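A look at the structure
Each chain is listed here by its residues.
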Amino acid sequence: MIGRAGGRHRKRSGGQQEAGAASAIVLGSLMDGVPESVAIGVGLLAGGKVGWVFLAAVFLSNIPESLSASVGLKRAGHAPLHILGMWSAIALLSAVAAGLGFTLLRHADANLVAGIQAFAAGAILTMLSSTMLPEAYEEGGAVIGLATTCGFLAAFTLSHL
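Computed from a predicted structure; not experimentally measured. (Residues numbered from 1 in each chain as written. Predicted model: local features only at pLDDT ≥ 70, side-chain atom pairs only at ≥ 80, totals over all residues. Heavy atoms only, no water.)

Turning our attention to helix 3 (residues 80-104). Along an α-helix, residues three or four apart share an orientation, since each turn contains 3.6 residues. In a regular helix each residue adds 1.5 Å, so 25 residues correspond to 36 Å; helix 3 covers 35 Å between its end C-alpha atoms and thus fits that length. The complete set of buried residues in helix 3 reads Ile-83, Trp-87, Ile-90, Ser-94, Ala-97, Ala-98 and Gly-101. (Helix = DSSP H or I, 4+ residues; strand = E, 2+ residues; numbered from the N terminus. Expected span 1.5 Å × (residues − 1). Buried < 20%, exposed > 50% of the residue type's maximum accessible area, 1.4 Å probe, protein only.)

Here it is, written out as structure tokens:
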């Protein structure tokens, strides 16, 4: 869609991602998913089980990431089989990372584990702030900020149950 801003034409995406934005979400998902899965593996070491709230948060946070990136990749001309293969590879790498976290970090220093978790958190925040939130704001307006805040509040509340 073409709009006029200050007498000049500018192209607006109309909520449609370009290939670069979709690829950034995929890369962000990989950079977040692997350390996140290592954290799940480490969590298995602490008492043998991972909290349901953490697993639910991981699952729920990955749905909009993958849907948004998949739509963008499809619009950019990637075949559905290629997109499915890419997400399958990320899921497989994440499962391997969880196993490695469980196996290799059994006696790891708490600071190393905290560093891995901080990297995962930074990756997800970077991906959200650079790709998903701008598109969400463009499509949904100012209410997106309120919805994001409510989401963080809900996650905080659930983590303290």
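The discussion continues.
Following the sequence through the fold, Arg-106 ends up in the loop between helix 3 and helix 4 (110-140). Take Arg-106: its relative accessible area is 45%, and that puts it in the partly exposed class.

Next up on the list: a nonpolar patch on the surface. Taken together, Phe-59, Leu-60, Ile-63 and Leu-67 make up a surface patch of nonpolar side chains, about 410 Å² in accessible area. Mapping Ile-63 onto the fold places it in helix 2 (residues 52-75). Exposure remark for Ile-63: the relative accessible area of 34% places this residue in the partly exposed category. (Patch = residues over 30% accessible without salt bridge, like charges linked within 9 Å, V, L, I, M, F, W, Y side chains within 5 Å. Areas by Shrake-Rupley, 256 points an atom, 1.4 Å probe, with all protein chains shown as cover. Salt bridge = Lys/Arg side-chain N within 4 Å of Asp/Glu carboxyl O.)

Okay, the side chain of Ser-70 next. Mapped onto the elements, Ser-70 comes out in helix 2. Side chain to side chain, Ser-70 and Trp-87 meet in a polar contact 2.9 Å long. Excluding residues within four positions of it along the chain, Ser-70 makes contact with Ile-83 and Trp-87. (Polar contact = N/O pair within 3.5 Å; in protein donor to acceptor, adjacent residues only side chain to side chain. Contact = heavy atoms within 4.5 Å.)

Turning to the nonpolar core, a few remarks are in order. In terms of nonpolar packing, the biggest core is built from eleven residues, these being Ala-22, Ile-25, Val-26, Ala-69, Leu-73, Ile-83, Trp-87, Ile-90, Ile-124, Met-127 and Met-132. Within the residue set of this core, elements represented by two or more residues are helix 1 (19-45), helix 2, helix 3 and helix 4. Each residue touching Met-132, except ones within four places of it in the same chain, is listed here: Ile-25, Pro-64, Glu-65, Ser-68 and Met-127. Among the nonpolar cores identified, the runner-up in size contains six residues, and Val-38, Val-42, Ala-97 and Ile-116 belong to it. (Core = buried A, V, L, I, M, F, W, Y, C linked by side-chain atoms within 4.5 Å.)

The sharpest bend along helix 4 comes to roughly 45 degrees, located at Leu-128. Restricting attention to buried positions, one finds in helix 4 the residues Val-113, Ile-116, Ala-120, Ala-123, Ile-124, Met-127, Thr-131, Met-132 and Glu-135. At the N-terminal boundary of helix 4, the capping side chain belongs to Asp-109, with an oxygen 3.2 Å from the backbone nitrogen of Asn-111. Gly-141, located one to two residues past helix 4, shows a positive phi value of around 80 degrees. (Bend = angle between axes of the 7 residues up to and from the residue.)

What follows covers the environment of Pro-35. With respect to the helices and strands, the residue Pro-35 is situated in helix 1. Among the residues examined, Pro-35 registers a relative accessible area of 10% and is labelled buried. Spatially, the C-alpha atom of Pro-35 lies 8.8 Å from that of Ala-118, the residues being 83 residues apart in sequence. Excluding anything up to four places from it in sequence, Pro-35 contacts Leu-30, Ile-116, Phe-119 and Ala-120.

Another aspect to go through is the UniProt feature "transmembrane region" (unreviewed entry) in the protein chain. Within this structure's numbering, the places UniProt gives as "transmembrane region" (unreviewed entry) are residues 38-60, 81-104, 110-128 and 140-158. The span residues 110-128 is 100% helix and 0% strand, and its two end C-alpha atoms sit 27 Å from each other. (UniProt positions renumbered as here; feature names shortened; annotations may be inferred.)

The next subject is the packing of helix 4 against helix 5 (residues 143-159). Interaxial distance between helix 4 and helix 5 falls to 9 Å at its minimum, and their mutual angle equals 135 degrees. Considering the angle they form, helix 4 stands oblique to helix 5. Along its contact with helix 4, which presents Leu-125, Leu-133, Ala-136, Tyr-137 and Gly-140, the element helix 5 presents Val-143, Ile-144, Thr-148 and Phe-152. Each residue belonging to the contact of helix 4 with helix 5 can be placed in one class, and the counts come to seven nonpolar, two polar and no charged. (Axes fitted to C-alpha atoms, helices over the stretch in contact; angles between N-to-C directions. Parallel < 35°, antiparallel > 145°, perpendicular 65-115°, else oblique. Nonpolar A, V, L, I, M, F, W, Y, C, P; charged D, E, K, R; others polar.)

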